[in-house]
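Residue-level structure breakdown
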Amino acid sequence: MKAIRRITVRPVLPEPLAPLHELARNLRWSWHTGTRDLFQAVDPGRWAASDGDPVRLLGAVPHARLAELAADEGFLRLLGEAADDLRSYVEGDRWYQKQSGGLPAAVGYFSPEFGITAALPQYSGGLGILAGDHLKAASDLGVPLIGVGLLYRHGYFRQSLSRDGWQQEHYPVLDPHELPLTPLREPDGTDCRVALALPGGGRLLARVWQAQVGRVPLLLLDSDVEENGPGERDVTDRLYGGGSEHRLLQEMLLGIGGVRAVRAYCRLTGHPEPEVFHTNEGHAGFLGVERIHELAGRGVDFDAAIEAVRAGTVFTTHTPVPAGIDRFDRELVARRFGPGAELPGIDPARILGLGTETYAGGDPNVFNMAVMGLRLAQRANGVSTLHGRVSREMFSGLWPGFDPEEVPITSVTNGVHAPTWVAPEVLRLGTRHLGEQRTLEALAVGGSDRWDAVAEIADRDIWELRRELRGRLVDEVRERLAASWRQRGAGAAELGWIDGVLDPDVLTIGFARRVPSYKRLTLMLRDPDRLRRLLLDSDRPVQIVVAGKAHPADDGGKRLVQELVRFTDDPRVRHRIVFLPDYGMAMAQKLYPGCDIWLNNPLRPLEACGTSGMKAALNGCLNLSVLDGWWDEWFTPDFGWAIPTADGTATDEQRRDDLEAAALYDLVERRVAPRFYERGPEGLPDRWIEMVRHTLTHLGPKVLAGRMVREYVEKLYAPAARSGRALTPDAARELARWKSKVRASWPRVAVDHVEASTATAELGATLVLRVRVALDELGPEDVEVQAVAGRVDSGDRITDASTVSLKPVGGPDLDGRWAYEGPLSLDRTGPYGYTVRILPAHRLLASPAETGLVTVPSEATAEAAGVLMR
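Burial analysis of helix H22 (residues 585-594) places 7 of its 10 residues in the buried class, the great majority of the element. Among the residues making up H22, those that are buried are Met585, Met587, Ala588, Leu591, Tyr592, Pro593 and Gly594.

As structure tokens, this is what we get:
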């Protein structure tokens, strides 16, 4: 019979075992080997059955075993040491506490998904895993982050395959009481809740759950509360599910409700209020609107509130394509705000203006979440150097008149949390040579440019480790493949062939990620016959492990999965190539270490970063990738191979795939496989091992999340905190009034005349520029007049530009024109040019491009100035 109600009965631990609760509830166990070893010792069999989840384990251990452990002095000693270690980790000073420079008291980090551990399945792919690694690295560094997200009752879908290889989705219900979560409670013991106003007088209520990620609290909002109607209860049902209205409500709850949850958490716990708010992708952009609403409640007008909010906000974009951004119909958004709905004190038209695509080529009828995120953040970044460049191009319409390289979007290249992703076997090898503390410090905090101690590890130790990891992957693949075929309806008699799948001595290539079309899951199938020859080569065979999920609404992605699965089902090659369904963190932690090569072949430049290759590299796996994302930035031949790309508009999509697939086959056949199978005098693949050593020594320190979070602190969080403190309500009002004055005058700001002292155009010579400008109601204190100079291309566009500030000379003339002058050094040879421009200038601007305003000479003025020298 089926139960009509399910409850979770928690174990009552004997008093000596009480610290187990604290250890289980702090997700540091997910990356701390010692704590996981302790839980395994509680009951090894049940630990394996619980998939390494301490909360599930403690709910399953018999009372007799708990009583036995409570009397075991050896176990209690280990338990006490683990509890003391956690306490020291949480309370002691770390990297952040040793820094100076007015760092923020706290940072609010908002993301729609967080991949912390498979035991808390609240992620779908790279964005969530990155957010989880960001929290873990912040914890290791002592950065006072507060994470904010949603608690999805069904999480992301579980994937299986039908008999004919079609992806099927399953949405298991998650009970928060069975997860490593605790409800945030008010002083009277009731659940802490936040509310959003709905049109027509209704309310959307959400309970606040807390996960503890080391030192970092993660607040998750859950709309499945009894007071909500059925529609409202389902707001947090699935990650990235539902239609536009459903997604809009999710994002309002994340942004607006998330700020309210942070305020409640700080009120209840005494945690410092965030001075900086970090918006991880546009989904959380409404947090800025809520903070404007807070300031409006204190008497700050809308324009001043925008300035104050922008100063303390950081926005990170993760998408390199406009199609990856959430865009809503303006009318849909308008109905959710104003009188009788949310934020009634703010004119909905002002909110709509924040997300309107006002630039050339934009659609004024949609509300763009990334555009709002950029307009409400004084600092923004992409997630690799190439992605920063792509983002500046993609969003350049918000800063008309500026070259893309001047658009104020920087980059912080993603990193990965090494203690989470490095295999225990790799960790043990490092500990043997470095000691435990040095190894953990190097992986978690980083800070060095190279790991020279890797040179001390013998070639044979490296190779034996690689074979051990490959062997473990083979066992994992066979187990998962058998389970998948049973789900597909196969009987035991049909599965004997699985015992021969993969070989621990064969070159192993891994490919695992989400399955949008640009990641090209099936590029390897472009020439099936050639792929078969590579797999079945008698001297230098290759084996491939593939995993990935297509979005439930993406039938095109599902067809790609099916095409690959049908190839892997072929009895001729199924022992050499496999597709594993239900790709997630647990699988990934086995897959990355066991592969020799990590393959990535997206359409360049559509991969924002692509961190899976980083995780593989930390385990001694070499990368074989298109030069995109982080690989474009850090590739050298010491770390792996770059797949040549057929970029350019002259090459159609089909032709491009053919060319790049052929290049991939050539690399594997002629360079990768020979290097792997080549043996030196000691019977070892010396040159392969040297590449592994180079990867660990030189690439390892770069790809750490610790490096990434330190860069966020130094480049973005600290400056944002300083700006936020400077933008007091009075300063914000002053800045808003100044911007209003500048915008009103700007149509009449002009460069009237440019002349230069005559000089021979020789390297090292100096020109003296004299410029006359019209400033309307503005004065020299409101603007900066610059000369912009550099080499010019065939179209007379200035490249590799440098700027020189010109100085005002005297007061305005009778026509109200101001004279400026300054020297311009001819510091390079070849075709050279210069121009002049006027920019708004204010001490509280973070970038000269911040206002999006710039004035350059008219064509007539430019022609009269003689601005080119050849």
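With that settled, consider the side chain of Ser847. The residue Ser847 is located in the loop between strand S26 (832-840) and helix H29 (859-865) in this model. Accessibility expressed as a relative area gives 15% for Ser847, which makes it buried.

Moving on to the packing of aromatic side chains. Counting across every chain of the model gives 19 aromatic pairs. With a centroid separation of 5.7 Å and 70 degrees between ring planes, the pair formed by Trp421 and Tyr592 is classed as edge-to-face. Linking Trp421 in helix H16 (residues 418-421) with Tyr592 in helix H22, this pair joins segments that are 171 residues apart in sequence. Judged by relative accessible area, Tyr592 falls into the buried class, the value being 2%. Taken together, the ring pairs in this structure connect Trp463, Trp641, Phe676, Tyr677 and Trp688 into an aromatic cluster. Just above the ring of Tyr89 sits the side chain of Arg28; from NZ or CZ to the centre is 4.3 Å.

Core analysis: the biggest nonpolar cluster contains 105 residues, and Leu507, Met524, Ile544, Ile597, Leu624, Trp641 and Trp688 have the highest contact counts within it. Once residues within four sequence positions are removed from consideration, Leu624 is found in contact with Ile597, Trp598, Leu599, Asn600, Trp641, Ile643, Leu664, Leu667 and Val668.

This paragraph deals with the environment of Arg392. Positionally, Arg392 belongs in helix H15 (residues 385-394). Accessibility expressed as a relative area gives 16% for Arg392, which makes it buried. The sequence separation of Arg392 and Ile409 amounts to 17 residues, and the corresponding C-alpha distance is 6.1 Å.

Our focus in this paragraph is the packing of helix H9 (residues 244-269) against helix H10 (residues 286-296). Each pair of packed helices can be summarised by the angle the axes make with each other and by the distance between the axes. Close contact between H9 and H10 brings their axes to 8 Å; oriented N to C, the two are set at 50 degrees. Taken together, the axes of H9 and H10 are oblique relative to one another. Regarding H9 and H10, the two cross each other, and that crossing is right-handed. Here Leu248, Glu251, Met252, Gly255, Ile256, Val259, Arg260 and Arg263 of H9 lie close against H10, whose contacting residues are Phe286, Leu287, Glu290, Arg291, His293 and Glu294.

Residues of helix H20 (residues 528-536) that are buried include every one of Arg530, Leu531, Arg532, Leu534 and Leu535, and no others. Elements that come into contact with the buried residues of H20 comprise strand S16 (542-547), helix H21 (555-568), strand S17 (577-580) and helix H25 (653-677).

Let's shift gears to the sheet that holds strand S18 (residues 597-600). Overall, parallel pairing links the 6 strands, which are arranged S17-S16-S15-S18-S19-S20 in an open sheet. Unpaired on one side and paired on the other, S17 and strand S20 (640-643) mark the two borders of the sheet. With direction set aside, neighbouring strand axes in the sheet form an average angle of 20 degrees. Sheet analysis places S18 next to strand S19 (residues 622-626), joined by 4 bridges and oriented parallel. Within S19, the position partnered with Asn600 by the bridge is Ser625. The sheet strands contacting H20 are S16 and S17, and the helix crosses S16 at an angle near 115 degrees. Contacts between helix H26 (residues 686-699) and the sheet are confined to strand S15 (507-512), S18, S19 and S20, with S19 contributing the most and set at about 80 degrees to the helix.

Moving on, we come to the state of the cysteines. If you walk through the whole model with that rule in mind, you get 0 disulfides. The thiol sulfur of Cys192 is not disulfide-bonded, and the nearest other cysteine sulfur, from Cys266, lies at 11 Å. Unpaired in terms of disulfides, Cys609 finds its nearest cysteine sulfur in Cys621, a separation of 16 Å.

With burial as the criterion, each face of strand S13 (residues 379-382) is covered, one bearing Arg379 and Asn381 and the other bearing Ala380 and Gly382. Bridging between strand S10 (residues 313-316) and S13 involves 3 bridges; their strand directions are parallel. Across the sheet, the residue bridging to Phe315 is Ala380, located in S13. Handedness of the crossover is the feature at issue here: the chain leaves S13, passes through H15, returns alongside strand S14 (residues 410-411), and the resulting connection is right-handed.

Procedures and definitions
- In every chain, residue numbers begin from 1 and rise along the written sequence.
- It should be noted that, the model being predicted, local features are given only for residues of pLDDT at least 70 and side-chain atom pairs only at 80 or more, the latter also being counted only at that level, while totals for whole chains, interfaces and linings use all residues.
- Side-chain descriptors were evaluated using all non-hydrogen atoms of the structure, hydrogens and water having been removed beforehand.
- The buried label goes to any residue with under 20% of its type's maximum accessible area, the exposed label to any with over 50%, and the partly exposed label to all in between, with areas taken from a 1.4 Å probe on protein chains only.
- Runs of E in the DSSP output that reach at least two residues are strands. Runs of H or I that reach at least four are helices, and both are numbered from the N terminus.
- Between 30 and 60 degrees the pair is tilted, below 30 it is stacked and above 60 it is edge-to-face, where a pair is any two Phe, Tyr or Trp rings, Trp via its six-membered ring, whose centres lie within 6.5 Å.
- When the NZ atom of lysine or the CZ atom of arginine is within 6 Å of a ring's centre and also within 35 degrees of its normal, the charge is said to sit over that ring.
- The definition of a nonpolar core used throughout is a set of buried Ala, Val, Leu, Ile, Met, Phe, Trp, Tyr and Cys residues joined through side-chain atoms within 4.5 Å.
- Residue contacts are counted whenever heavy atoms from the two residues lie within 4.5 Å of one another.
- Axis definition: a line fitted to C-alpha atoms, over the contacting stretch in the case of helices. Angles run 0 to 180 degrees between N-to-C directions.
- Here is the rule for angles: anything less than 35 degrees is roughly parallel, anything more than 145 is roughly antiparallel, 65 through 115 is roughly perpendicular, and the remaining ranges are oblique.
- Throughout, a crossing is termed right-handed when the near helix is turned clockwise from the far one, and left-handed when it is turned anticlockwise from it by less than a right angle.
- The pairing criterion for strands is at least two bridges between them, as found by DSSP.
- Here, the term disulfide refers to a pair of cysteine sulfur atoms separated by no more than 2.5 Å.
- Every crossover in which the path from the first strand over the helix to the second runs clockwise, viewed with the strands pointing away from the viewer, is termed right-handed.

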